[in-house]
Amino acid sequence: RIRDFLGSAGGRFYSLDAKSGCIHWYYEMSVGQRSAATVANIGTAAAPRYVVFFGDMGGYVHAAEAATGKSLWRVKPDPFPAARVTGSPAFYNGRLYVPVASGEEASAGASAEYECCKFRGGLAVLDARDGKQIWRYYTVDEPKPTKKNAKGTQLYGPAGAPVWSSPAIDPKTNTVYITTGNNYSDPTSPLSD
């Protein structure tokens, strides 16, 4: 059967019949989801096992059986409280390449007492079978204290350089490419934007 997969801002991820639009199953999340799904065979050619992978606005990556919606694993690849996965994970050679972004800028704008900013954008590479992290790449170094704002709150930087979009993989050179967003705080880092 041909299916479409899509998420919603309301916290549900759906499997739809591509012809009729009827719902086959849906997966409940506690937050919204806005990245496209990635479907991959984590089995063999003789014994395929299709899994759908997707991220959510709470920073989690989910793996579910494509046919049934049964949850296989759920992992938060970055412990930062405002981390989120807005780009689609990329699957290659048994691994899932997950772009990591955050909503820390909103926290910083909401209060002059917020110690902005400490998020480090990046890429997490997970084993597609169980969600265990294989390696991690950060787009900025650990933010350091820079100055204090008018309220006396300690500020940090550089921070940010989130990865909002899907990674691209070149199998010939065994290279993964990512794009980055803006720095959340000064000074500007060389890998932002």
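Please refer to the structure higher up on the page.
The model shown is predicted, which means the values in this text are computed figures rather than measured ones.

Definitions and limits used
Residue positions are counted from 1 within each chain, in the order its sequence is given. Totals for whole chains, interfaces and linings use all residues, but because this is a predicted model, local features are given only for residues with pLDDT of at least 70 and pairs of side-chain atoms are given and counted only at 80 or more. Side-chain metrics rest on all non-hydrogen atoms present in the structure, leaving aside hydrogens and water. Defined by distance alone, a disulfide is two cysteine sulfur atoms within 2.5 Å. Throughout, exposure labels follow a simple rule: accessible area from a 1.4 Å probe, protein chains only, divided by the maximum for the residue type, with under 20% read as buried, over 50% as exposed, and the rest as partly exposed. Each helix corresponds to a stretch of at least 4 residues labelled H or I by DSSP, and each strand to a stretch of at least 2 residues labelled E; elements are numbered beginning at the N terminus. By definition, residues are in contact when any of their heavy atoms lie within 4.5 Å. Paired strands are those between which DSSP finds at least two bridges. Between N-to-C directions, angles cover 0 to 180 degrees, with each direction set by a line fitted to C-alpha atoms, over the stretch in contact for helices. Pairs were defined over the aromatic rings of Phe, Tyr and Trp, the Trp ring being its six-membered one, requiring ring centres within 6.5 Å. Orientation was assigned from the angle between planes: stacked under 30 degrees, edge-to-face over 60, tilted for the rest. Residues grouped as a nonpolar core are buried Ala, Val, Leu, Ile, Met, Phe, Trp, Tyr and Cys residues, joined through side-chain atoms within 4.5 Å.

> Any chance you could break down the state of the cysteines for me, citing the residues and the numbers?
Counted according to the given criterion, the structure contains one disulfide. The disulfide partner of Cys116 is Cys117, and the gap between their sulfur atoms is 1.8 Å. For the disulfide bridge between Cys116 and Cys117, the dihedral angle about the S-S bond is near -70°, and by the sign convention the bridge is left-handed. We note that Cys116, like Cys117, is buried.

> I'd love a proper account of the environment of Gly58, names of residues and values included.
Within the secondary structure, Gly58 is located in the loop between strand E5 (50-55) and strand E6 (61-65). Residue classification places Gly58 among the buried residues on the basis of a relative accessible area of 18%. Measuring from C-alpha to C-alpha, the distance between Gly58 and Pro89 comes to 15 Å, with 31 residues separating the pair along the chain. In this structure Gly58 touches Val31, Lys76 and Ala83, once residues within four positions along its chain are discounted.

> Describe in detail the sheet that holds strand E2 (residues 12-17), supporting the description with residues and values.
Spatially, E1-E2-E3 is the arrangement adopted by the three strands of the open sheet, whose pairing is antiparallel. The sheet terminates laterally at strand E1 (3-7) and strand E3 (23-28), the two strands that pair on one side only. Looking at each pair of strands side by side, their axes are set apart by 15° on average, direction ignored. Two elements, E1 and E2, share five bridges in a ladder whose sense is antiparallel. For Leu6, the partnering residue across the bridge sits in E2 and is Tyr14.

> Just give me the short version of the packing of aromatic side chains, but keep the residues and values in it.
According to the stated counting rule, one finds 11 aromatic pairs in the structure shown. Ring plane angle 10° and centroid distance 6.2 Å describe the contact between Phe53 and Phe91, whose orientation is recorded as stacked. Placement of the pair is Phe53 in strand E5 and Phe91 in strand E9 (residues 90-92), with a sequence separation of 38 residues. With a relative accessible area of 0%, Phe53 lands in the buried category.

> Can you break down the nonpolar core residue by residue, with the values?
Counting residues in hydrophobic clusters, the biggest one holds 14 residues, and the most contacted among them are Phe53, Val61, Trp73, Leu96, Val98 and Leu126. Of all the secondary structure elements, the ones that give two or more residues to this core are E5, E6, strand E7 (71-75), strand E10 (95-102) and strand E11 (122-127). Residue contacts for Leu96: discarding those within four places in its chain leaves Phe53, Val61, Trp73, Pro89, Ala90, Phe91, Ala124, Val125, Leu126 and Ala128.

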